[in-house]
Amino acid sequence: ATDGSWAMFLFGFGAMIIITQMHGLGLSRNVRWGFVVAYAIGVLGVYGARDFENINWLINIPMAEYGLVLVIALLIWLPLAIMARRSQSAGADPS
């Protein structure tokens with residue numbers, strides 16, 4: 001991809017790994033900080049070479065992922081909330 005979208009995907013999914021996955025691997029604090037520093041150096045190196053053009057692409061992948069998770073959660077929660085409300089109103093004493 002000569003348009004630079006590879007950087008969006010590389011650093012976008014890299015951010016997802018650093019934000020959500022890295023902490024469950026049992027790595028020491030120093031190793032985790034090493035990953036964060038390597039990520040930051042990579043971002044500065046790649047986007048700095050482009051005069052920070054399209055640096056906003058860094059958030060595209062995480063925003064899409066978290067946005068999709070929110071939509072799926074709402075699609076699961078809404079029918080459950082409706083069914084719970086109906087079962088409460090059906091079991092209510094009319095007196």
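Note: the structure precedes this text.
Residues numbered from 1 in each chain as written. Predicted model: local features only at pLDDT ≥ 70, side-chain atom pairs only at ≥ 80, totals over all residues. Heavy atoms only, no water.

Let's talk about helix 2 (residues 29–48)
So, point 1. For helix 2, spanning 20 residues, the distance from its first C-alpha to its last is 27 Å, which sits close to the expected 28 Å at 1.5 Å a residue.
So, point 2. All of the buried residues in helix 2 are Val 43, Val 46 and Tyr 47. When helix 2 is viewed along its axis, its buried side chains cluster within an angular range of 85° and face the same direction. Facing away from the buried side of helix 2 by over 90 degrees, the exposed positions are Asn 30, Trp 33, Ile 41 and Leu 44.
So, point 3. On the buried face of helix 2, the contacting elements are helix 1 (5–21). (Helix = DSSP H or I, 4+ residues; strand = E, 2+ residues; numbered from the N terminus. Expected span 1.5 Å × (residues − 1). Buried < 20%, exposed > 50% of the residue type's maximum accessible area, 1.4 Å probe, protein only. Arc of directions from axis to C-beta. Contact = heavy atoms within 4.5 Å.)

Concerning unusual backbone geometry
So, point 1. Even without being a glycine, Phe 52 presents a positive backbone phi close to 60°.
So, point 2. The topology assignment puts Phe 52 in the loop between helix 2 and helix 3 (60–91).
So, point 3. Relative accessible area serves as the criterion here: at 40%, Phe 52 is assigned to the partly exposed category.
So, point 4. Phi at Asn 54 is positive, roughly 65°, even though this residue is not glycine.

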